[in-house]
Amino acid sequence: MISKLLEKINLINSRLSTKLIITYILLTVIPMGLLGVLAYYEYTKSIEEKVGEYIPKLLKQANHNLENSLGELERLPDLIYSSSDVMSVLRDNGFKNQSQLNQDRFVVESFLTNTYLDNSSEILGAFLLSKNRSFVSTRIPYDGFNLENLTIPYGEEHELGEKVELILPKQASLKFDGNPPYILLMKQVTDFDNRKPLGTLFLAVKLSFIENVLADLEEEKNAVMWVMDRNGQVIFHTDASKIGSVFSEIKNYPLYNGSFQTGIGQDKTLISVNQSARHKWILVHSIPLKHLTMETDVVRNVTVIAFFILVIITSLISVFLAWSVTKPIKKLGHIMQEVEGGNLSVSIPVHSKDEVGVLAQSFDSMLTEIRELIQKNYSIEIRQKDAELYALQSQINPHFMYNTLQTISMAVEDGESETVVEMVTLLGRMLRYSLSNKDRLVPISLEVDHIEDFLKIQKYRFEERLSYKIQTKLDTGSYFTPKFILQPVVENSIKYGLEKRKGLCIQILVNEIMNEQGKKDILFTIRDNGPGINEEKLTELKSKLKSDPMGKRESGFGILNVHARVMMMFGDLYELRVHSSIEIGTEITIQIPAILNSEISNYVGIREEGEGK
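What you see is a predicted model, and the numbers here were worked out from it, not measured in a lab.

Draft legend 1. Quick peek at the overall build of the chain. The helix and strand tally for the chain stands at 16 helices and 19 strands. Across the 613 residues that make up the chain, the buried fraction comes to 40%. The contacts in the chain between residues at least 6 apart in sequence include a share of 64% that link residues at least 24 apart. Surface accessibility of the chain: about 35600 Å² in total, with carbon and sulfur atoms responsible for 54%.

Structure below.
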């Protein structure tokens, strides 16, 4: 289908320079544009999700602090029982002469002033009603203390008991100068000796205690916060004019604990809510999404401009490169036609060190090698096996990079700086070891250090779930081993061991043994206490190990790769063996010859010869 489409637009027969330019556009410009759009979308989505997860946690803590503050305020009315003089006045009947009444008023109101107003700046006033008497102490002038609109009576007889009733803003007609918002704490005063009510105490408390609790959450100037009850009655609002109003949209809220979005387009808003446990007050945080992604939009605009500038510059460069590539390729094509005719003695001049020059040099080297192969009658099969060996070896790379970076990211978020430094250091050593592919054989000590770094990183990730022990019973610096024969096995143990185990212990033992020919070998033993391998899978695995080691394998099957490398490098006498028992664990042994520094050339000589050519 693609070929027919190319034929219709006559692209197949187009010049190579045209194909290169079109290929550049298809493989570079379009993917870069799509990648930029996708990255912007995912980044803004990630910001929304992170904020949506983070703010409810802050709201939950704020609600907890708010409940604690309310709890402290609700304990204030009980202070009245600490004054025997006040309790004596409240027990007396109200039929006294004016002098006695004035004296009682002085006693009670002095107590209210000293106990409540002097000790708490948040209390606007204290009102005590008892037997047709009223005792009042306020910080500022007030007006209209009548509670006719209350559903709970404030006379001597009612059923409050020991409960403290909260009267929300604008539910009472009481007003103070300056109109500060407040709530009323209402509690019955009881004579516990006679089990009779003596009156009702009201404490007018400024809403500043709520504002103090929410102060840390008001750093974002575009955010709006308020506290309301389950009926939508607004108790506190960052916009003071809305205190006491009814928020009718509460009935449309899908949840009372978490975050959700409302609105469409530019009017989308992220709303986070949390409901307190005892008073069932709902704390709401609302912020337009456009303010969350404002900095991202600036980055997007700058990126778009930079993208178009980059496209123009690289397009000009691609045109020049296409022309510089096609010209020497044509010349190289004529020489190749001579080789096709059977002339293997031609020499290709190399005038540059770019890709075309490398291609010409490689083609010339290929002709030289072909001639030498013909002269020396080398076996094509051996060459193919050697090439496949290096291809297989190149597949063995660390597979845990993603999980390691994710663990480092979590440690950064948690502020664990020492852990981050340690993990980055370990990861750097592993990458340096992985990228140093110059030597096929390395000292065993380096391989052991590498696997220990790997296990330390995994230990940071799985913590108490993973433990390990490494024992070496030989001079690891004197003997050599192929690189990366331990990590795939250990990685496989961790992957399948922790799937069904809460904890996994890995033991690695390196020691010397004598083989059947009486020669010294090195034996690597890796044990774990994982779930083991069932008989069917174990049989299948052993069958694959016995088959052609260069046969096609699944790309992620590290055990087979290690087995194939050992056999191809050292022969059939050396291999990887697997022993496993269900619910007991798995043991994997890798046997290689004991290779000293002076013997390395016996195993890497072929490769070094090829590289020298």
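Resuming the write-up.
Draft legend 2. Representation of the pattern of salt bridges. Applying the stated criterion across every chain yields a total of 12 salt bridges. The salt bridge involving Glu109 is made with Arg105; its shortest N-O contact spans 3.6 Å. Linking Glu109 with Arg105, this pair stays in helix 4 (residues 98-117), spanning four residues, or about one helical turn. Between Glu575 and Arg577 there is a salt bridge, with the nearest N and O atoms lying 3.3 Å from each other. Linked by salt bridges that have partners in common, Glu67, Glu74 and Arg278 make up one network.

Draft legend 3. Examining the sheet that holds strand 19 (residues 585-593) more closely. Taken in spatial order, the five strands line up as 14-16-17-19-18 in an open sheet, and their pairing is mixed. Looking at which strands have only one partner, the edges of the open sheet turn out to be strand 14 (466-472) and strand 18 (576-581). Ignoring strand direction, the axes of neighbouring strands in this sheet form an average angle of 15 degrees. Sheet strands in contact with helix 12 (residues 444-462) are strand 14, strand 16 (504-514) and strand 17 (520-528), and its direction is about 165 degrees off that of strand 14.

Draft legend 4. Local environment of the packing of aromatic side chains. Going through the model one piece at a time under the given rule, you end up with nine aromatic pairs. Ring centres of Phe111 and Tyr116 lie 6.3 Å apart, and the angle between their planes is 85 degrees; this geometry places the pair in the edge-to-face category. Both residues of the pair, Phe111 and Tyr116, belong to the buried class. Residue placement shows Lys483 over the ring face of Tyr433; its charged tip is 4.8 Å from the ring centre.

Draft legend 5. Representation of helix 4 in the model. Compared with the 28 Å implied by 1.5 Å per residue over 20 residues, the 26 Å span of helix 4 between its first and last C-alpha is a close match. Of all the residues in helix 4, the buried ones are Asp104, Val108, Phe111, Leu112, Thr115, Tyr116 and Leu117. Angularly, the buried residues of helix 4 cover 165 degrees about the axis, an arc narrow enough to put them on a single face. Across helix 4 from its buried face, at more than 90 degrees, point the exposed residues Gln98, Ser99, Gln103 and Phe106. Its buried side turned inward, helix 4 meets helix 3 (84-91), strand 1 (123-130), strand 2 (133-138) and strand 7 (196-206).

Draft legend 6. A negative patch on the surface, seen in detail. Side chains of Asp414, Glu416, Glu463 and Glu464 sit close together on the surface and give a patch of like negative charge. In this fold, Glu416 is placed in the loop between helix 10 (401-413) and helix 11 (417-435).

Draft legend 7. Up close: the sheet that holds strand 6 (residues 182-191). Strand order in the open sheet formed by five strands is 2-1-7-6-4, with antiparallel pairing between adjacent strands. Each edge of the open sheet is held by one strand with a lone partner, namely strand 2 and strand 4 (164-167). If you compare each strand with its neighbour and ignore which way they point, the axes differ by 15 degrees on average. Across four bridges, the pairing between strand 4 and strand 6 is antiparallel. Looking across to strand 6, one finds that Glu165 is bridged to Met186. In this fold helix 4 packs onto strand 1, strand 2 and strand 7, with an angle of close to 40 degrees to the strand it touches most, strand 2.

Draft legend 8. Structural context of the packing of helix 3 against helix 4. Where helix 3 contacts helix 4, the two axes come as close as 9 Å, and the packing angle between them is 135 degrees. With respect to helix 4, the axis of helix 3 lies oblique. Between helix 3 and helix 4 lies a crossing of left-handed hand. Touching Asp85, Val86 and Val89 of helix 3 are Asp104, Val107, Val108 and Phe111, all from helix 4. Its residues assigned to classes, the contact of helix 3 with helix 4 comprises five nonpolar, no polar and two charged.

Draft legend 9. Structural context of helix 11. Over its 19 residues, helix 11 runs 27 Å from end to end, which matches the ideal 27 Å to within 8%, given 1.5 Å per residue. Turning to helix 11, its buried residues are Thr419, Val420, Met423, Leu426, Leu427, Met430, Tyr433 and Ser434. Along the long axis of helix 11, the arc covered by the buried residues comes to 160 degrees, so they all point the same way. With respect to the buried face of helix 11, the exposed residues turned more than 90 degrees away are Glu418, Val421, Arg432 and Leu435. Against helix 10, strand 13 (441-443), helix 12 and helix 13 (487-500) lie the buried residues of helix 11.

Draft legend 10. Up close: the confidence of the model for the chain. Overall, the prediction assigns the chain a mean pLDDT of 78, with 81% of residues at 70 or greater. Per-element averaging of pLDDT across the chain places helix 9 (residues 380-394) at the bottom with 45 and strand 17 at the top with 94. Note on residues 390-397: pLDDT under 50 across the span, and 17 contacts to partners over four residues away in sequence or across chains.

Draft legend 11. Here's a closer look at the side chain of Asn511. Looking at where Asn511 falls in the secondary structure, it is placed in strand 16. Residue class for Asn511 comes out buried when judged on its relative accessible area of 17%. For Asn511, the contacting residues outside a window of four places in its chain are Lys473, Leu474, Asp521, Ile522 and Leu523.

Draft legend 12. Summary view of the packing of helix 12 against helix 13. For the pair helix 12 and helix 13, interaxial distance at closest approach is 10 Å and the crossing angle is 20 degrees. Taken as axis vectors, helix 12 and helix 13 run roughly parallel relative to one another. The crossing of helix 12 and helix 13 is right-handed. Contacts from Glu447, His450, Ile451, Phe454, Leu455, Gln458 and Phe462 of helix 12 reach helix 13 at Gln487, Val490, Glu491, Ile494 and Leu498. Residue composition of the contact of helix 12 with helix 13, by class: seven nonpolar, three polar and two charged.

Quick notes on the rules
- Position numbers for residues start from 1 in each chain and track the written sequence from start to end.
- Totals for whole chains, interfaces and linings use all residues, but because this is a predicted model, local features are given only for residues with pLDDT of at least 70 and pairs of side-chain atoms are given and counted only at 80 or more.
- Excluded from the side-chain calculations are hydrogens and water; all other atoms, namely the structure's heavy atoms, are used.
- Every helix listed is a DSSP run of H or I at least four residues long, and every strand listed is a run of E at least two residues long, numbered separately from the N terminus.
- We call a residue buried when its accessible area falls under 20% of the maximum for its residue type, exposed when it is over 50%, and partly exposed in between, using a 1.4 Å probe and counting protein chains only.
- Contacts are assigned to residue pairs that have any heavy atoms within 4.5 Å of one another.
- The Shrake-Rupley method, run with a 1.4 Å probe sphere, supplies the accessible areas, and residue values consider only the shown protein chains as cover.
- The rule for a salt bridge is simple: a side-chain nitrogen of Lys or Arg has to be within 4 Å of a carboxyl oxygen of Asp or Glu.
- Two strands form a pair only when DSSP identifies at least two bridges running between them.
- Throughout, an axis means a line fitted to C-alpha atoms (over the contacting stretch in the case of helices), and angles, computed between N-to-C directions, take values from 0 to 180 degrees.
- Pairing of aromatic side chains here covers Phe, Tyr and the six-membered ring of Trp, requires ring centres within 6.5 Å, and sorts the geometry by plane angle: under 30 degrees stacked, over 60 edge-to-face, intermediate tilted.
- Either the NZ atom of lysine or the CZ atom of arginine qualifies as a charge over a ring when it sits within 6 Å of the ring centre and within 35 degrees of the ring normal.
- Every helix has an expected span of 1.5 Å times one less than the residues it contains.
- This arc describes the spread of directions from the helix axis toward the C-beta atoms.
- For patches, a residue must show more than 30% relative accessible area and have no salt bridge; joins then use 9 Å for like charges and 5 Å for nonpolar side chains, namely Val, Leu, Ile, Met, Phe, Trp and Tyr.
- The charge count treats Lys and Arg as positive and Asp and Glu as negative. His and the chain ends do not count.
- By convention, the point assigned to a charge is CZ for Arg, NZ for Lys, CD for Glu and CG for Asp.
- Roughly parallel means an angle under 35 degrees; roughly antiparallel, over 145; roughly perpendicular, 65 to 115; everything else is oblique.
- In this scheme, a crossing is called left-handed if the near helix is turned counterclockwise away from the far one by less than a right angle; it is called right-handed if the turn is clockwise.
- In this classification, Asp, Glu, Lys and Arg are treated as charged, Ala, Val, Leu, Ile, Met, Phe, Trp, Tyr, Cys and Pro as nonpolar, and every other residue, Gly included, as polar.
- Per-residue confidence from the predictor is reported as pLDDT, which spans 0 to 100.

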